[in-house]
2 protein chains.
Amino acid sequence: MFELDRDTELREEAPGRFALELSDAWGIYRYPNGGFLAALGARALGRALPHPDPLTLTAHYLRPAEPGPATVEVEVVREGRTASTGEARIIQGDKERVRLLASFGDLSKHEGPTEETGSPRPVPPLEACEPLTGPPPGSTFAERIEARYAPGTASFLRGERGAPEIGGWIRARDGRPADLWSLILFADAWPPPVLNLVSRVWVPTIELTVHLRRRPAPGWIAGWFETGHLIDGYLGTDGELWDERGRLVARCRQLARLQSS
Amino acid sequence: MFELDRDTELREEAPGRFALELSDAWGIYRYPNGGFLAALGARALGRALPHPDPLTLTAHYLRPAEPGPATVEVEVVREGRTASTGEARIIQGDKERVRLLASFGDLSKHEGPTEETGSPRPVPPLEACEPLTGPPPGSTFAERIEARYAPGTASFLRGERGAPEIGGWIRARDGRPADLWSLILFADAWPPPVLNLVSRVWVPTIELTVHLRRRPAPGWIAGWFETGHLIDGYLGTDGELWDERGRLVARCRQLARLQSS
């Protein structure tokens, strides 16, 4: 069993109510990462909804989650023929940590025209990207996830300033094939590109939305993240993910804020 | 009282439960538009949450809403010092039509650095944009909202094909100053740019997310909307809104699908 599957495995305690032990292995300074929590909420919804694939998912981060026991409560909001909608709440103690709203469908049954005029993938080929010499400080992520950074991005990891962009390639270290659940994780698994502009800050996510557009090929995933508008300490970050075949597989956006560390 | 305020005015029937008569004046073929419903849900949340400004809001459209009596139920998810989160459900009969999750804050109290490297506004000046000769068929919107289209966009309204882009300027016909509530409306008040590519379709929205970044100046709002990825009949559309002073005020994205009309 792969690590991501093991660490998002849910025991159903009652209809719509799941339990698990939140791992300390997917985070920054022990706090479980936002992408991991979104993937966890989505998996719980996948257990309750009749459709297999998350199509669009929004998580609001209410309070930091912590390693330890957690409950995920799921509400089926609507079951339709081609799509269904549900809500998940990740709770620890008596406090809700994350609320997640998502619509599911079946990507394999989508039919209709395809026309893609969006920007081409800005990420250079894998062999042109560089591993970090050391993991970002405090991150347990780097033990689970392998990344290669596009030259000229992730400047702050080299102690430099730069444009608020981070791109490269990412995959699970344990060989887990990419799928829709790992795309949700990879939507928030990168260092915040705003750290190329400002240092010594935390960047807590307020809200993360992910659109899952295709089931990815199993290998590496290319990602590109940009923060175009830092305004009075609040920032939006846009990301796109492509699979090894060069197909756009997911788009994501988050609203976050700077917080003195 | 301005039309948008009158038509989103809510009577509190019980704590967290509001009633109103849904107008037929903000829609396409009598169905209230998604941006209008999102603005309505946000206003209900504004009555229940301690912070004044929606910062990020996501609506999932479960079933079409109809003109007539409606209830909006609001849940306060979390009240914090700098932000709060709530959920609204728009219900008609015994069926939930829209579920909305949003975090509110106070934009006037945001403090921190500003650095904007996002793309400049692609919308030409107002005087270079054109009114439509007639309203889009079936739209009651055009009686409430005045728009000017950027040359070369909205091709389908002239019976032509074109790039999946629509831009221009928009404001309320009755002189209502732009504010955060009208930005939510303007995030989904434009013809879908995908209609420049494919004709004779409906484009029902599955999910709409709006980030409100600044309180706008009161005048015209410039908007630019693009559909970069139409995949198997499903599409993501990105929009940005700027105020008359040229400041980015909101960004939005929706997931929608094509449906034969």
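Overview of the structure. In this convention, every chain numbers its residues from 1, walking through the sequence in written order. Labels are handed out in written order, letters beginning with A for the chains and numbers beginning with 1 for the ligands. Local features in this predicted model are restricted to residues whose pLDDT is 70 or higher, and side-chain atom pairs enter the listing and the counts only when it is 80 or higher, whereas totals over whole chains, interfaces and linings include all residues. The basis for every side-chain value is the complete set of non-hydrogen atoms in the structure, without hydrogens or water.

1. Digging into the overall build of chain A
So, step 1. A tally of regular secondary structure across chain A gives 3 helices and 17 strands.
So, step 2. For 261 residues, the compact-globule estimate of 2.2 N^0.38 gives 18 Å, and chain A sits close to it at 18 Å.
So, step 3. C-alpha extents for chain A along the principal axes are approximately 50 × 45 × 40 Å.
So, step 4. For chain A, buried positions account for 60% of its 261 residues.
So, step 5. Working rule for contacts: check all heavy atoms of both residues, and any pair within 4.5 Å makes them a contact. The long-range share in chain A, meaning contacts at least 24 apart out of those at least 6 apart in sequence, stands at 68%.
So, step 6. Per-residue and other accessible areas follow the Shrake-Rupley method at a 1.4 Å probe size, with only the shown protein chains counted as cover for residues. Within the structure as shown, chain A displays about 10300 Å² of accessible surface, and the carbon and sulfur contribution to it stands at 47%.
So, step 7. Side-chain charges of chain A comprise 31 positive and 36 negative groups, with the mean position of each set lying 1 Å from the other. In this description a helix means any DSSP run of H or I spanning at least four residues, a strand means any run of E spanning at least two, and both kinds are numbered starting from the N terminus. Each radius of gyration reported is based on C-alpha atoms, and the globular scaling rule is 2.2 Å times the count of residues to the power 0.38. Note on classification: 1.4 Å probe, protein chains only; a residue is buried when its accessible area is under 20% of the maximum for its type, exposed when over 50%, partly exposed between these limits. When charges are counted, neither His nor the chain ends are considered; positive counts come from Lys and Arg and negative counts from Asp and Glu. Charge coordinates come from a single atom per side chain, which is NZ of Lys, CZ of Arg, CG of Asp or CD of Glu.

2. Some thoughts on the packing of aromatic side chains
Residue and element names in this part refer to chain A.
So, step 1. Stacked, tilted and edge-to-face pairs are distinguished by plane angle, under 30 degrees for stacked and over 60 for edge-to-face with tilted covering the rest, among Phe, Tyr and Trp rings (Trp via its six-membered ring) whose centres lie within 6.5 Å. Using the criterion set out here, one finds 10 aromatic pairs over all chains in the structure.
So, step 2. With 6.3 Å between their ring centres and 90° between their planes, tryptophan 26 and phenylalanine 141 make a pair best called edge-to-face. Separated by 115 residues along the polypeptide, tryptophan 26 in the loop between strand S2 (17–22) and strand S3 (27–28) and phenylalanine 141 in the loop between strand S9 (115–116) and strand S10 (145–149) bring together distant segments of the chain. For the pair formed by tryptophan 26 and phenylalanine 141, the shared burial category is buried.
So, step 3. Three or more aromatic residues link up through ring pairs in this structure, and these residues are Trp26, Phe36 and Phe141.

3. Re the environment of glutamate 130 of chain A
Residues and elements named next belong to chain A.
So, step 1. Along the chain, the position of glutamate 130 falls in the loop between S9 and S10.
So, step 2. Using a relative accessible area of 34% as the deciding quantity, one classes glutamate 130 as partly exposed.
So, step 3. Aside from chain neighbours lying at most four places away, what touches glutamate 130 is Ala147, Arg148, Tyr149, Pro151 and Arg158.

4. Observations regarding the relation of the copies chain A and chain B
So, step 1. For the match of chain A to chain B, the screw axis carries a shift of 0.0 Å, the RMSD comes to 0.0 Å, and the turn is 180°. When the rotation and shift are considered jointly, the pair of chain copies conforms to a two-fold rotation axis.
So, step 2. In this assembly, 100% of the residues forming the interface of chain A have copies in chain B that are likewise at the interface, indicating an isologous arrangement. The superposition of copies rests on a least-squares fit of C-alpha positions from residues with pLDDT of 70 or more in both.

5. A few points about a nonpolar patch on the surface
So, step 1. On the surface, Ile28, Tyr29, Tyr31 and Trp202 of chain A cluster together to form a nonpolar patch covering roughly 390 Å² of accessible area.
So, step 2. As for its position among the elements, tryptophan 202 of chain A is in strand S12 (residues 201–202). By definition, no residue in a patch forms a salt bridge, and every one has over 30% relative accessible area; like charges are joined within 9 Å, nonpolar side chains (Val, Leu, Ile, Met, Phe, Trp, Tyr) within 5 Å. Each salt bridge in this description consists of a side-chain nitrogen of Lys or Arg and a carboxyl oxygen of Asp or Glu lying within 4 Å of one another.

6. A word on the side chain of aspartate 106 of chain B
All names here are of chain B.
So, step 1. Within the secondary structure, aspartate 106 sits in the loop between strand S8 (95–105) and strand S9 (115–116).
So, step 2. For aspartate 106, a relative accessible area of 12% puts it in the buried group.
So, step 3. Definition of a polar contact: a pair of N or O atoms within 3.5 Å, with one able to donate and the other able to accept a hydrogen when the atoms are protein atoms, and with sequence-neighbouring residues admitted only if both atoms are side-chain atoms. In terms of polar contacts, aspartate 106 uses its side chain to reach the side chain of serine 108, at 2.6 Å.

7. Quick word on the interface of chain A and chain B
So, step 1. Of the residues lining the interface, 54 residues belong to chain A; the matching set on chain B comes to 54 residues.
So, step 2. Note on definitions: buried area is the accessible-area loss of two parts on being combined, 1.4 Å probe, summed for both. On the chain A side of the interface with chain B, the three residues burying the most area are Arg213, His229 and Arg253 of chain A, jointly 14% of the side's total.
So, step 3. Where chain A packs against chain B, one counts 6 salt bridges.
So, step 4. Across the pair glutamate 75 of chain B and arginine 99 of chain A runs a salt bridge whose closest N-O atoms are separated by 2.9 Å.
So, step 5. Connecting chain A to chain B are 39 residue pairs in polar contact (both at pLDDT 80 or more).
So, step 6. Here the side of chain A that touches chain B takes 6 residues from strand S16 (residues 248–257) of chain A, the largest share from any one element.
So, step 7. For this classification, the nonpolar set comprises Ala, Val, Leu, Ile, Met, Phe, Trp, Tyr, Cys and Pro, the charged set comprises Asp, Glu, Lys and Arg, and every other residue, Gly included, is treated as polar. Its residues assigned to classes, the side of chain A that touches chain B comprises 18 nonpolar, 18 polar and 18 charged.
So, step 8. Only strands that DSSP links by at least two bridges are regarded as paired with each other. Judged from the 2 bridges that link them, S9 of chain A and strand S14 (residues 221–231) of chain B form a sheet pairing that is antiparallel. Residue pairing for S14 of chain B: glutamate 115 of chain A is matched across the bridge by leucine 230 of chain B.

8. Looking at helix H2 (residues 34–48) of chain A
Residues and elements named next belong to chain A.
So, step 1. Across its 15 residues, H2 extends 22 Å between first and last C-alpha, which sits within 8% of the 21 Å expected from 1.5 Å per residue.
So, step 2. Judged by how many residues are buried, H2 sits mostly within the fold: 11 of 15 residues are covered.
So, step 3. Of all the positions in H2, only Gly34, Gly35, Phe36, Leu37, Ala38, Ala39, Leu40, Gly41, Ala42, Ala44 and Leu45 are classed as buried.
So, step 4. The backbone nitrogen of glycine 35 has a side-chain oxygen 2.6 Å away, supplied by the residue at the start of H2, namely asparagine 33. The length a helix should cover is 1.5 Å for every residue beyond the first.

9. Some details on the state of the cysteines
Simply put, the disulfide is a covalent bond whose two ends are the sulfur atoms of two cysteines.
So, step 1. In plain terms, two cysteine sulfur atoms within 2.5 Å form what is called a disulfide here. Counting across every chain of the model gives 0 disulfides over all chains.
So, step 2. With no disulfide of its own, cysteine 129 of chain B lies 17 Å from the sulfur of cysteine 252 of chain B, the closest cysteine sulfur.
So, step 3. By relative accessible area, which is 7% here, cysteine 129 of chain B ends up buried.
So, step 4. Left without a disulfide partner, cysteine 252 of chain B is nearest to the cysteine sulfur of cysteine 252 of chain A, which lies 17 Å away.

10. Some words on the pattern of salt bridges
So, step 1. A complete count under the given rule lists 52 salt bridges over all chains for this structure.
So, step 2. With a shortest N-O distance of 2.8 Å, glutamate 96 of chain B and arginine 99 of chain B are connected by a salt bridge.
So, step 3. Classification of glutamate 96 of chain B as buried rests on a relative accessible area of 12%.
So, step 4. In this structure arginine 99 of chain B comes out as buried when scored by relative accessible area, which is 1%.
So, step 5. Among the ionic pairs, aspartate 106 of chain B bridges to lysine 109 of chain B, the shortest N-O distance being 3.7 Å.
So, step 6. Take lysine 109 of chain B: its relative accessible area is 63%, and that puts it in the exposed class.
So, step 7. Salt bridges here are not isolated pairs; linked through shared partners, they connect Glu75, Glu87, Arg89, Glu96 and Arg99 of chain A together with Glu75, Glu87, Arg89, Glu96 and Arg99 of chain B.

11. Things to note about the side chain of aspartate 53 of chain A
Residue and element names in this part refer to chain A.
So, step 1. Relative to the helices and strands, aspartate 53 resides in strand S5 (residues 53–61).
So, step 2. The buried category is assigned to aspartate 53, whose relative accessible area is 5%.
So, step 3. With residues near it in sequence (within four places) discarded, aspartate 53 still touches Ser103, Phe104, Gly105, Asp106, Leu107, Ser108, Leu180 and Arg215.

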